[in-house]
Amino acid sequence: MGGLNTALTVASCALSAQEAAIETVNNNIANATTPGYSREIVDLSSAGSTDNGTGVAIGDGVELDGVTSVRDQLLSLRIQQQTSEQSAVAAQSNALAPVQTYFSGTSGTIGSDLSTFFSSLSALSANPSSTAARQTAIGNAQNLVQQFHATSSGLTSVQTGLDTQIAGDVTTINSLTSRIASLNSQVAAATAQGQDGGSYLDQRSALEQQLAGLTGIAITTTAAGDTVTTSNGSPLVEANESFALSAAKQGSGLLQISDSNGRDITASLTGGDLGGLLQVRDQAIPSFLSQIDSLANGFASAFNSAQASGYDLTGAPGSALFSIPATVSGSAASIGLISADGSALAVSSDGSANSNGNLTTLTGVQNSPLAGGLSPTGSFAALVDSVGNAVSEAATQSTAIQASLTQLTNQQSAVSGVSIDEESSNLIRYQQAYQAAAEVVSTIQSLFSTTINMVSGA
Amino acid sequence: MRVSPNLEPDVLAGMQQSQADLQKALQEVSTGQRVNVPGDDPAASAAMVQNLAESNNNDQYTENASSALGQVQTADSVLTSVVSLLTQAVSLGTEGASSTTTAADRQTIATQIQGILGSVVSEANTSYAGAPLFAGTVDTPTAFTGSPTSGYTYQGNSESNQVQVGDSLQVQVSVPGNVLFTNASGNVLGSLSQLAAALNSGSVAGVGTATSAVTSAIHFISSQHAVFGNSINQLNTQESFLSQEKITLSSEATNLIGVDTATAAENLAQAENQNSAVLAAAAKVLPTSLLDYLK
């Protein structure tokens, strides 16, 4: 009798083990498209063996050890890092796109207006006293001044525009960190009960990846959960506590980001969308602005000194045509035209109205090196080059990182992704095993009947 | 080894990439340009800034050259007229110096010489585009004022203008009136006045001297033809250089940012093929599942 009872126990264990396996398959299929879900596998092991009294050891059936998620921590970490980098360059590329418009095309740029101004000056060569020609040249000088203003204010407004996105990023970061903190405590509770905590881990990992897309982060796993810090070490999450970042407008009119201790960490945040936006706002655009300022300042000074070596239409010594501030910084925004009267152009070299002797000095400014070693046209060309390079580098990097990110995601998916085909075939396997175990139970039952009938019949 | 069960991300990435390529190819065909923003090709965009500046200047130099050419040619034709007027004066002077000519005839000839003087001065007062050609750089209505009897005063200065027709090429377009018409080595106005005065006074010797002074003025003016002729040559040469340069600059611009139609069309066709291949592949692989066969 002992033998049959043992056999029945083994069979019912098998039934529940296959049932658990089918439930796991069911859960996997249900979450086949859930972002961040790692497939689960059922851990079965054979349950030792017992001597049934005949000196032969027979196996005790199957044991259900538990259900575990299949994931690769290292891959997740690398995906987080790559996501940070990818988001940063993608943000740069998007943020720089509107900047490009000030530097492209054959009209409506500082370069084209400079060129038009100088060629209209050159027209005075054949006709130095022509009021119309002088007025055209002064009009073009006015256009150039306005283009300096427009480009400078355009770049500044791109900067302030980025602040809207930066504020949005900070809000999202804070909401993500508070959810990560609450998941930390759920994971800790599950682990304390000896469970895998799989779905919490998956959710937390998905949130961490989102967070990595917003800013560069570093994660340390402890018993109390993941400790998350920004790339510069400011705490974001520790155990079940989250630390909010704050963004506030500064004197410059731009947002400053502070950590929970009120420390300014704007300059040290790198990676992620936020890092990319800050890079464009605080480094790329200011560098373009300063190049435009140097160009405006250098050009205006050079032209003013060329004016000084000649005489205007009235025979008076040439006076400065452009007004610029004392410092180079802000020159493009505040460069001005002192006289809108064409007669102010100091074309004459001898004080006579029909002389054009000083014109070559004026037009010579176009191709003479400024303080930076480049001519006005050359300076603008260099600026176009640096804007173009910033954009194309961001785009190239974005493509490259995207490719490696796709590969990593594929790798992760190979490890953790749910394959419907695999689950379907597992389902068939577990179904057959369940059916077989049920068959065993029914066989044992008929053996019991046979035995009982045998006893009662005697 | 387990492979990734999710084909969607790869398929999606492939579709996006081929769509982006298709868009770029389409843009190239429709704009005829390979570079539309600096990010497309930073170096070419920077070079285009220089190219644009140079071609704008080139256009202006071409206009300057044609305007300067008009001015120089007008000045040159003035010299031709003056020479022919002076030649008339010389023959009248020769007649006046003859011993057979009567005093009354000399008076008549003197009046004719004064008429010639007036014509020469009116030639010297020629203006071009509203400005006197022979007043140096002074903006005055006429280069010489006065009358044949009272004498003439030069209103200009001794400066001359050069017109810019290249980055470093300037061509002389004017010679001041005092250099041309009252020059010590061939004083046009002075010799004519002298001749008229000698004829009036009836001095045969004086008329002879004055006539030879007019002759040397002819030689001087003829020699000045060379100055303008030289400028005309320079301007003609520069004009053909500038038109050649214009072609060079525009072909440079095409090389920098343009795309030739054949290549653009080929790129577009290729992008279209690529795109439909990606879509066809997606349609093929996405619906396959084991479940299709478990029936």
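What counts and what doesn't
- Residues numbered from 1 in each chain as written.
- Chains lettered and ligands numbered in written order.
- Predicted model: local features only at pLDDT ≥ 70, side-chain atom pairs only at ≥ 80, totals over all residues.
- Heavy atoms only, no water.
- Pairing = 2+ DSSP bridges.
- Helix = DSSP H or I, 4+ residues; strand = E, 2+ residues; numbered from the N terminus.
- Contact = heavy atoms within 4.5 Å.
- Axes fitted to C-alpha atoms, helices over the stretch in contact; angles between N-to-C directions.
- Core = buried A, V, L, I, M, F, W, Y, C linked by side-chain atoms within 4.5 Å.
- Buried < 20%, exposed > 50% of the residue type's maximum accessible area, 1.4 Å probe, protein only.
- Domains from an automatic or database assignment.
- Buried area = accessible area lost by both parts, 1.4 Å probe.
- Salt bridge = Lys/Arg side-chain N within 4 Å of Asp/Glu carboxyl O.
- Polar contact = N/O pair within 3.5 Å; in protein donor to acceptor, adjacent residues only side chain to side chain.
- Nonpolar A, V, L, I, M, F, W, Y, C, P; charged D, E, K, R; others polar.
- Expected span 1.5 Å × (residues − 1).

*Asks:* Any details on the sheet that holds strand 8 (residues 241–242) of chain A? Residues and values, ideally.
*Replies:* Residue and element names in this part refer to chain A. Spatial ordering of the open sheet is given by 5-6-7-8, a layout of four strands whose pairing is antiparallel. Both edges of this open sheet fall to strand 5 (217–222) and strand 8, since each of them pairs with a single strand only. Both strand 5 and strand 6 (residues 225–230) contribute to a ladder of six bridges, which runs antiparallel. Paired with I217 across the two strands is T230, which belongs to strand 6. This element, helix 4 (residues 131–192), spans strand 6, strand 7 (235–238) and strand 8 of the sheet and lies at about 20° to strand 7. Helix-sheet contacts for helix 5 (residues 198–214) involve strand 5, strand 6 and strand 7, and the interaxial angle to strand 6 is about 5°.

*Asks:* Could you give an account of unusual backbone geometry, with specific residues and numbers?
*Replies:* Keep in mind that most residues, glycine aside, have a negative phi and that most peptide bonds are trans. For A:A239, which is not a glycine, the phi torsion comes out positive at approximately 50°. By the secondary structure assignment, A:A239 is in the loop between strand 7 and strand 8. A positive phi angle, close to 50°, is found at B:A129, a residue other than glycine. Of note, B:A129 is situated in the loop between strand 1 (127–128) and strand 2 (131–132).

*Asks:* Can you lay out the nonpolar core for me, pointing to particular residues and giving the numbers?
*Replies:* Core analysis: the biggest nonpolar cluster contains 76 residues, and A:L121, A:F148, A:F299, A:F303 and A:F322 have the highest contact counts within it. For this core, the element with the most residues is helix 4 of chain A, which contributes 17 residues. By size, the runner-up hydrophobic cluster in this structure holds 53 residues, among which are B:V72, B:L79, B:V173 and B:L199.

*Asks:* Describe the domain arrangement of chain A, naming the residues involved and giving the relevant values.
*Replies:* It is common to give the size of an interface as the accessible area lost on bringing the parts into contact. Residues and elements named next belong to chain A. Split into domains, chain A comes out as domain 1 (2–70 + 419–457) and domain 2 (77–406). Summarising the inter-unit geometry, the C-alpha centres of domain 1 and domain 2 are found 66 Å apart. Facing six residues of domain 1, the contacting portion of domain 2 comprises four residues. A combined buried area of about 370 Å² lies between domain 1 and domain 2, and 38% of that area is made up of carbon and sulfur atoms. The interface formed by domain 1 and domain 2 holds zero salt bridges in total. Here domain 1 is connected to domain 2 by one residue pair in polar contact (both at pLDDT 80 or more). Of the residues contributing to the side of domain 1 that touches domain 2, the split by class is two nonpolar, four polar and no charged.

*Asks:* Talk me through helix 4 of chain A; I want residue IDs and the actual numbers.
*Replies:* Its 62 residues give helix 4 of chain A an end-to-end C-alpha distance of 91 Å, which sits within 8% of 92 Å, the value for a rise of 1.5 Å per residue. Backbone geometry just after helix 4 of chain A places A:G194 at a positive phi near 75°.

*Asks:* Any details on the side chain of A:S413? Residues and values, ideally.
*Replies:* Relative to the helices and strands, A:S413 resides in helix 9 (residues 376–416). Reaching out from A:S413, the side chain makes a polar contact with the side chain of B:S4 at a distance of 2.7 Å. Apart from the residues within four sequence positions on either side, A:S413 is in contact with B:R2, B:S4, B:P5 and B:N6.

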